[in-house]
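One-letter residues, chain by chain:
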Amino acid sequence: MNLAVIQMVSQDDVQTNLRLARRMLERAAQGGARLVVLPENFAAMGRRDLAAIGRAEALGEGPILPWLKRAARDLSLWIVAGTLPLPPDDDADGKPHACSLLIDDQGERVARYDKLHLFDVDVADNRGRYRESDDFAHGQRVVVADTPVGRLGLTVCYDLRFPELFGALREAGAELISVPAAFTAVTGAAHWQVLTRARAIETQCYVLAAGQGGEHPGQRLTFGHSAIIDPWGQVLVEQDQGEGALLAPRDAAEQANIRQRMPVQQHRRFFSSDVPRPIVVE
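Residues numbered from 1 in each chain as written. Predicted model: local features only at pLDDT ≥ 70, side-chain atom pairs only at ≥ 80, totals over all residues. Heavy atoms only, no water.

Q: Could you clarify how one ought to interpret empty space enclosed by the protein in this entry?
A: The gaps left among the atoms become clear once a water-sized probe is rolled over them. Going through the model one piece at a time under the given rule, you end up with 1 cavity of 30 Å³ or more. Here the largest cavity defines a volume of roughly 30 Å³. Around the largest cavity sit Trp 192, Gln 193, Thr 196, Arg 197, His 225, Ala 227, Ile 229, Val 235 and Glu 238, which together line it. Contributions of two or more residues to the lining of the largest cavity are made by α5 (185-203), β15 (226-229) and β16 (235-239). At 4 residues, the largest contribution of residues to the lining of the largest cavity is made by α5. Residue classes in the lining of the largest cavity are distributed as 4 nonpolar, 3 polar and 2 charged. (1 Å grid on protein atoms, 1.4 Å probe; cavity = no way out; pocket = protein on both sides within 12 Å on 5 of 7 lines; lining within 4 Å. Points joined across faces, edges and corners; volume = space filled by probe spheres on them. Helix = DSSP H or I, 4+ residues; strand = E, 2+ residues; numbered from the N terminus. Nonpolar A, V, L, I, M, F, W, Y, C, P; charged D, E, K, R; others polar.)

Q: Would you take a moment to explain the nonpolar core for this structure?
A: In summary, soluble globular proteins display a tendency toward joint burial of nonpolar side chains. Counting residues in hydrophobic clusters, the biggest one holds 46 residues, and the most contacted among them are Leu 35, Leu 102 and Leu 208. Here the element with the most residues in this core is strand β12 (residues 206-211); it accounts for 5 residues. What Leu 208 contacts, discounting residues up to four positions off in sequence, is Leu 3, Val 5, Leu 35, Val 37, Ile 177, Ser 178, Val 179, Ala 227 and Ile 228. Among the nonpolar cores identified, the runner-up in size contains 32 residues, and Val 14, Met 24, Ala 43 and Leu 86 belong to it. (Core = buried A, V, L, I, M, F, W, Y, C linked by side-chain atoms within 4.5 Å. Buried < 20%, exposed > 50% of the residue type's maximum accessible area, 1.4 Å probe, protein only. Contact = heavy atoms within 4.5 Å.)

Q: Explain helix α6 (residues 252-261) to me, please; I cannot follow it from the model alone.
A: Every α-helix carries 3.6 residues per turn, so stepping three or four residues along brings you back to the same face. Every buried residue belonging to α6 is among Gln 255, Ile 258 and Arg 259, and all of these are buried. Burial along α6 is one-sided: seen end-on, the buried residues are contained in an arc of 95°. Every exposed residue of α6 that faces more than 90 degrees away from the buried side is listed here: Ala 253 and Gln 260. Here the buried face of α6 lies against α4 (163-171), α5 and β12. Backbone nitrogen of Ala 253 and a side-chain oxygen of the N-cap are separated by 3.3 Å at the start of α6; the cap is Asp 251. (Arc of directions from axis to C-beta. Polar contact = N/O pair within 3.5 Å; in protein donor to acceptor, adjacent residues only side chain to side chain.)

Q: Teacher, can you tell me more about the sheet that holds strand β18 (residues 279-281) here?
A: Strand pairing in a sheet is mediated by backbone hydrogen bonds. Such pairs are either parallel or antiparallel. Reading across from one edge, β16-β15-β12-β11-β10-β9-β18 is the order of the 7 strands in this open sheet, with mixed pairing throughout. Strands at the two margins of the open sheet, each flanked by one partner only, are β16 and β18. Across the sheet, the mean angle separating the axes of adjacent strands is 20° when strand polarity is ignored. Across the sheet, α4 lies against β9 (143-147), β10 (150-154) and β11 (176-181), angled at about 145° from β11, the strand it touches most. (Pairing = 2+ DSSP bridges. Axes fitted to C-alpha atoms, helices over the stretch in contact; angles between N-to-C directions.)

Q: Whenever I open this one, the pattern of salt bridges confuses me. Can you help?
A: Pairing of side chains with opposite charge becomes possible as their charged atoms draw close. As enumerated under the stated definition, the model contains 14 salt bridges in all. Between Asp 89 and Arg 109 there is a salt bridge, with its nearest N and O atoms 2.8 Å apart. Within this pair, whereas Asp 89 is found in the loop between β4 (84-86) and β5 (97-103), its partner Arg 109 is found in strand β6 (residues 109-114), the two being separated by 20 residues in sequence. Asp 89 sits in the exposed class, given a relative accessible area of 57%. (Salt bridge = Lys/Arg side-chain N within 4 Å of Asp/Glu carboxyl O.)

Q: How should I be thinking about the environment of Arg 23 in this particular structure?
A: Note that Arg 23 resides in helix α1 (residues 14-30). Between the C-alpha atom of Arg 23 and that of Ala 245, which follows or precedes it by 222 residues, the distance is 9.2 Å.

Q: What am I meant to see in the packing of aromatic side chains here?
A: Any pair of aromatic rings gets described here by the distance separating the centres and the angle formed by the planes. Evaluation of the coordinates by the stated rule reveals 5 aromatic pairs. Here Phe 119 and Tyr 130 contribute two aromatic rings whose centre-to-centre distance is 5.4 Å and whose plane-to-plane angle is 55°, an arrangement assigned as tilted. Of the two residues, Phe 119 is situated in the loop between β6 and β7 (120-122) and Tyr 130 in strand β8 (residues 129-131); the sequence distance between them amounts to 11 residues. We classify Tyr 130 as buried; its relative accessible area is 3%. One aromatic cluster is present, formed by Phe 119, Tyr 130, Tyr 158 and Phe 162 through successive ring pairs. Above the ring of Trp 232, the side-chain terminus of Arg 261 is found at 5.8 Å from the ring centroid. (Phe/Tyr/Trp six-rings, centres within 6.5 Å; stacked < 30°, edge-to-face > 60°. Lys NZ or Arg CZ within 6 Å of the ring centre and 35° of its normal.)

Q: In this structure, what is going on with the side chain of Asp 230? I would like to understand it.
A: You can see Asp 230 is positioned in the loop between β15 and β16. In this structure, Asp 230 is buried with no salt-bridge partner, the nearest side chain bearing the opposite charge being Arg 197 at 7.5 Å. Of note is the side chain of Asp 230, whose polar atom sits 2.9 Å from the backbone nitrogen of Trp 232. At 2.9 Å, the side chain of Asp 230 forms a polar contact with the backbone nitrogen of Gln 234. Beyond its immediate stretch of four places on either side in the chain, Asp 230 contacts Ala 200, Cys 205, Tyr 206 and Leu 236. (Lys, Arg positive; Asp, Glu negative; His and termini not counted.)

Quick look at the structure:
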């Protein structure tokens, strides 16, 4: 049951990004992957017309969703579609969410997760100031879904800093957690690897961390270091910069063994009352 994460260096041209993503997905499929995670903003980086892009996709007039569904069918892959700037399902004119979709191998949407934690942060880099809430609305739901390789919890990038979300996913039965990301070079160098390993260890889940890794429009630099991390916190595969498709197997028996030997979920004594009840998609 192979898992895969895709690392990209997405630019502002959607079609160019989709062609690159297709090549990476083909590599993952050739390597035997069943579930593949694309990075945050895989289809476009540095665009200011996010609301228009999302509105076109929601109305069936954009290129990204048809491409995504076709790729899943053609390659027999379950795909976590990084993030797309989609409006609410019930309001095509609403403020977009940073939305991560799970698409099955028949090209059908199985689950949608809207990023809960938005990156409103000052960073000592070329850009200096990030305010995702200027462009996106906060999500409201915690989401897990069953896949052929295990129950998957969905998160995005900045969510990585909030362990209570990951605890809620584990409590809902997650065995894998996807983390599509575009960590800045500065914050990534300081915290990315520590946080991804910590979230895997805390939840005893596989963490599928698919990042952007390079230079993007506006001299934005992302950290890369996409990785697949096992429930013991071991980094099974990692790539520092540039494009790539990284694969590793899921060992379900060993994961069950780790959870049995160290039953941390049964040992927990304190829970956050602020975390929304997870939506389980079966």
